[in-house]
Structures are given as C-alpha cells and as structure tokens.
Amino acid sequence: MTAPRLTAAVLGASFTIGLASACTGGAIIDLPKPCRPVHSDSGGTRAESTPGDRPAAALTPSGPIQQPTAPGTTTFTSGFGPRWGAMHNGVDFAGPVGTPIYAALDGLIAAAGSSGEGPGVGFENWIIIDSVVDGRPVSTVYGHMYANGIHVKPGQTVKAGDHIAEIGNAGGSTGPHLHFEYWDGGRLQGGTAIDPTTKLGGAPAPSGQDASAPGSNIDLMAASTPVDCGKGFGTAGGGDLKPGSVPPAFEEWFRKGGSLCPQISPALLAADTKAESGFRAVTSPAGARGYTQFMDGTWAVYGRDDDGNGRISQSDVGDAVMAQGRYFCEIARSVDSWIADGSVKGDPLSLYIASYNAGEGAIKQAGGMPSGGDYSSETRPYVQKVLSYIPEFEQPGGRGEFVPSPTAGGSNVVEAASQYFGTPYVWGGGGAGGPSGGGFDCSGLTQYAYTRATGGKTVLPRTSEQQWTVGTEIPLSEAKPGDLVFGSWEAGGPGHVGIYAGNGQMVHAPTAGDVVKQAPVMAGMRARRM
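Keep in mind the model is a prediction, meaning the values are calculated, not measured.

Now for the overall build of the protein. If you tally the helices and strands in the protein, you get 12 helices and 26 strands. For the protein, restricting intrachain contacts to residue pairs at least 6 apart in sequence, the fraction spanning at least 24 positions comes to 63%.

What follows is the structure in structure tokens.
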C-alpha cells in the first residue's frame, strides 16, 4: 500500500499557523532575542549592543509567508522530525528537476551556492534567507539545488514569492526535491528548527517573480534599514563566524572580509590570523607586518583604508583583515583557474592557504602543494595548522544539512561521518575541516566527525596512533555510538580507526580503492571512549 502523500496545495490548507503550545505536548521553545530598532547617529538612541554583539546588518520586517513551491508542481513527501536515525530539520517537496522554487519570506540572502559539504554530501548547494518576523530573526533554508539552478547571490534582498531557484537532486538526495527549513533565531546563529508546516498552513501560493527577469524586485541590500538582529544575522556569510570566538575588534571585519568571495569564509580568515599573529600587530623577522602579516610590496597592492580613519595600515584591524580577504580571493581565482586547466592538482582550500604563506607562484611551479626545503618545514605545517584552527571559529551547524543536536551525544559523531558515505579513501586525506585531496583516510574521518559533532570543542590528534592515546579504553562489548574502535595493530599502535555505530557496526574510511561506509567491526578491534 502506498503511503498517502500531500500536495503543496493541500499542505497550505491543512495546518494551523503558529507554534505548538504546551497543552498539545509540543516542546516549549525559548524564543530568540528580538531584533532591535536601529537609529542614525544624528538623532535618537542607537540600539544597544555589546562589543561581541555588534550590529552587522539591518533588515525590514517581512510580510506574510508564502508557499515555497507553486500548487500542483510538487508533492509533500517527508515531514519534520526523526528520520533514519537522525533529525530531519525540515520538510521535503518532490518535483521534477527544474521546478521553480520561491522565497517564502521577504529577507536578505545570507548564503547561496555551495553548502561547504562537498559533492554528493548533505545539501551540496543551498540558499539561506534571513528575515525578520514579528520582530525576531528567522531563516528559511532551501536545499539540494544544482549550482546552475540558483538565481540569487549573497547580499541580495528578496520578496516573498520571488523565483530564487529550481529543484535539483544534488548532495545526499534520494530524488529531485526541495528540502525546506524554518529556523527561529537564525540558521547560522544557533537558532531552533521549527516544523515548517506550522508556518505554511493557509499561506498563499507564491507570486512568482523571476529573479533574473528585467525589473525584478531582487536588489542589493539597502544602505540603511530599520531593524538590527545582531550576531551577523542578515549579512552575507556573517553567520559563518561563531559569536565570541575572536577578539571583539575583529568580529565585524572577519564577517565582512570573509564574505568577499564564495571560496573563503570568516572562519578561514580568523584561523589564518591566529596562525599568522595570534591576533597581535607584530613584525616578523622577514619583515611581514601587522595582524595578517603582509610584506610591504604585497600590502601596496591589497591594503586600503577600509576603516576610514585616514590611513592605510597593517596595524589597523579593519585594513588588515579586508586586505587579507582580498588577497585570499585573488589567490582563489588563480588557483581555481589552474585546477580547471589541469596545471595544478590538490585540495583547493589547502592550496589557497599554502599560497598565502608561500606565494601563488610556488603552487603553480609545483603543480600543487610544494615540498622540499622551507615548503616542507614551514608551508605544509602552516597549512595543517590553519585547517585545524578553522573549526574553532565556525558556527556549529553553519555548513550544510548536518546540525549537531545538544542531546544526541555520540550519535552526532556517527551522523557527521555518515554524511560522507561514498566519499573516496585518500591516504592522508581529510581532517578537522573536512575532506581534502578528494576524500578521507581513516583518522582524517574520525578527526572531522568529532570536530563537527562538538562544534569545534573537541579536535582529536590527526593519526590513529595518536588518537589511541586520547580518552579511556573500554571493553568492546560496552561500546556505544560515537566511541572509536581501533584495529590493524602494529608495534607503534593501531593502524586503523573507525567510529562505532551500534549493533556491531562501524563507520570508517577503509583503504585505497574503497569509500567511506558502514561495515561490521573487524576482529581484534579495541574500543576507546573520547
């Protein structure tokens, strides 16, 4: 018997608007801090903010919500809640590839394009729209589109009913559909996922204006608007930085600089600055200056008076960080073009970081990651250091579909790794920041899964031998999901590690020629609780 499926039109007429009350047995939700009015310096009172909660953008309140797809074009196939052992934070509308997707609320495009998870993983591509609803921050999320099916870009404002994308089948999708989420408090600000059907009940069909059509009402964000929600909400890429993770003077600038091009992020700039200077204005023995360590010749190209204080200085936080962002974007354009023409191979992010340290010419000449001499003793360790720092500054849940649950414990670790089922084994691949070189090895996968599952609070050592020294050994019979299991024992320790998934199964990156998958725990394995 086929399970009943609801069309989008029926969905719109079937649910009551509003949050579940305590009387219905629904969870009691702590509503996020309301957005605040923003006043000009010339009059009135400016919205209060702490240094770590500096206003990042201002938005106008949204009008009524509209359906994200047109009646008759999609079928409601999957609801909100636990599914396949994990939390399904939204609802699914199935439809043919190319079916129009519409903005559900007025707002600003905070993210559009790659979700940062990689090909075939999670959403792969997404759109996040930040909106103000009843004076509070709300994000709507749209997932699984193909890259060429996205019609908006970060920093644009949209109206409810604008045609923003088309349905695709990207990422970890089992068929063409729109995955739609509604977040109270902001998707990139650690908000709460709400069942979208409680909001879409009775909502009208989308008005259907094409984002790419002449006269579209999709425009770049206005210079001044009346509501501020703080924490980077309503800023393109602004929510990618974990609030309070950097010195207050840097926060606004990392949000801005990390949003200059899609290849970089605020967390990358923060991690690189920590590696370069520890957030201090210093001068290196080689003559690199300031917070982001520019040589004078390079500074002359990328340095500007971004903070408007009348000088261009490596010792001004704003000038230094924005120059860092511009340089990384120029590096990314060069490296991406070389990868495209086949003259350079390797993980793009790792090559961007190596270029910042050694110069783009070294990467071009080597055809990838350079080695030998200072490249082996300085550049390669520098790349690994920056990659290991990135999770410290990333907002938990800021990368795609997987969002760690505060109550899931070790299951978060299993789910984080499971997002990469089918990803190739690559010796030396992966780490705290995700796959590299096209995949993971066994300990790269476990390091990534623990970092993602804990929001960067737990970063394991890189190798299986080193990971065996962390935590406490337990009998294999007492292993729980999220514990690590070690095998392939040699004189120096375990040569293999996986993540216990329960019922005698583990998630691991097995060996060359294989992929990340779930498999039975191997004979002779021992367990360790992190």
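Additional details are given in the paragraphs that follow.
Of all 8 residues making up strand β14 (residues 177-184), 8 are buried, and the element is well covered by its neighbours. Relative to β14, strand β11 (residues 136-143) is paired through 6 bridges, and the arrangement is antiparallel. The residue bridging T140 from the neighbouring strand is Y182, located in β14.

What follows concerns the packing of aromatic side chains. Here the structure, examined in full by the defined rule, presents 19 aromatic pairs. Ring centres of F76 and F93 lie 5.9 Å apart, and the angle between their planes is 70°; on these two criteria the pair is classed as edge-to-face. In this pair, F76 sits in strand β4 (residues 75-78) while F93 sits in strand β7 (residues 91-94), placing the two residues 17 residues apart along the sequence. For F93, a relative accessible area of 0% puts it in the buried group. Consider the rings of Y142 and F180, whose centres lie 5.3 Å apart with planes at 65°: the pair is edge-to-face. A residue pair is termed long-range when its members are at least 10 positions apart, and Y142 in strand β11 and F180 in strand β14 qualify at 38 residues. One residue, K274, lies across the ring of Y389, its end atom 4.3 Å from the ring centre.

Relative to the helices and strands, I128 resides in strand β10 (residues 125-133). Residue I128 is classed as buried on the basis of its relative accessible area, which comes to 0%. Between the alpha carbons of I128 and A103 there is a distance of 9.8 Å; along the sequence they are 25 residues apart. In contact with I128, other than residues within four places in its own chain, are L108, I109, A110, A111, S139, T140, V141, R187 and L188.

At a minimum axis separation of 8 Å, helix α4 (residues 266-277) and helix α9 (residues 374-393) run at an interaxial angle of 125°. Between α4 and α9, the angle is such that the two are oblique. Between α4 and α9 the crossing geometry is right-handed. Touching A267, L268, A270, A271, D272, K274, A275 and E276 of α4 are Y382, K385, V386, Y389, I390, E392 and F393, all from α9. Classifying every residue of the contact of α4 with α9 gives 10 nonpolar, no polar and 5 charged.

Further remarks concern the state of the cysteines. According to the stated counting rule, one finds 1 disulfide in the structure shown. What pairs with C261 in a disulfide is C329, and their sulfur atoms sit 2.1 Å apart. The sign of the -100° torsion about the S-S bond sets the C261-C329 disulfide as left-handed. With a gap of 68 residues between them, C261 in the loop between α3 (248-257) and α4 and C329 in helix α6 (residues 317-341) connect regions that are remote in the sequence.

Contact geometry of α3 with α4 gives a least axis separation of 7 Å together with a crossing angle of 125°. By the angle between their axes, α3 is oblique relative to α4. The handedness of the crossing between α3 and α4 comes out as right-handed. The segment α3 lies against α4, with F250, F254, R255 and G257 engaging P266, L269, A270 and T273. When the residues that make up the contact of α3 with α4 are grouped by side-chain class, the tally is 5 nonpolar, 2 polar and 1 charged.

Across the sheet, which stays open at both edges, the 6 strands sit in the order β21-β26-β22-β23-β24-β25 with antiparallel pairing between neighbours. The outermost strands of the open sheet, each flanked by one partner alone, are β21 (472-474) and β25 (517-520). With strand direction ignored, the average angle separating the axes of adjacent strands in the sheet is 45°. Along the sheet, helix α10 (residues 410-418) makes contact with β23 (493-502) and β24 (505-508), crossing β23 at roughly 105°.

For a regular strand, side chains alternate in direction, first toward one face of the sheet and then toward the other. For β21 and strand β26 (residues 526-529), the ladder comprises 3 bridges, and the chain directions are antiparallel. Paired with I474 across the two strands is A527, which belongs to β26. Where strand β22 (residues 484-490) lies against β26, 3 bridges are found, and the strand directions are antiparallel. Bridged to F486 within β26 is R526.

With that out of the way, let us pick up the pattern of salt bridges. The full count for this structure, using the stated rule, is 12 salt bridges. The closest approach of N and O atoms between R462 and D441, which form a salt bridge, is 3.0 Å. On the criterion of sequence distance, the pair formed by R462 in the loop between α11 (442-453) and α12 (464-467) and D441 in the loop between α10 and α11 is long-range, its members being 21 residues apart.

Analysis parameters
Residues numbered from 1 in each chain as written. Predicted model: local features only at pLDDT ≥ 70, side-chain atom pairs only at ≥ 80, totals over all residues. Heavy atoms only, no water. Helix = DSSP H or I, 4+ residues; strand = E, 2+ residues; numbered from the N terminus. Contact = heavy atoms within 4.5 Å. Buried < 20%, exposed > 50% of the residue type's maximum accessible area, 1.4 Å probe, protein only. Pairing = 2+ DSSP bridges. Phe/Tyr/Trp six-rings, centres within 6.5 Å; stacked < 30°, edge-to-face > 60°. Lys NZ or Arg CZ within 6 Å of the ring centre and 35° of its normal. Axes fitted to C-alpha atoms, helices over the stretch in contact; angles between N-to-C directions. Parallel < 35°, antiparallel > 145°, perpendicular 65-115°, else oblique. Left-handed = near helix turned anticlockwise from the far one by under 90°. Nonpolar A, V, L, I, M, F, W, Y, C, P; charged D, E, K, R; others polar. Disulfide = S-S within 2.5 Å. Salt bridge = Lys/Arg side-chain N within 4 Å of Asp/Glu carboxyl O.

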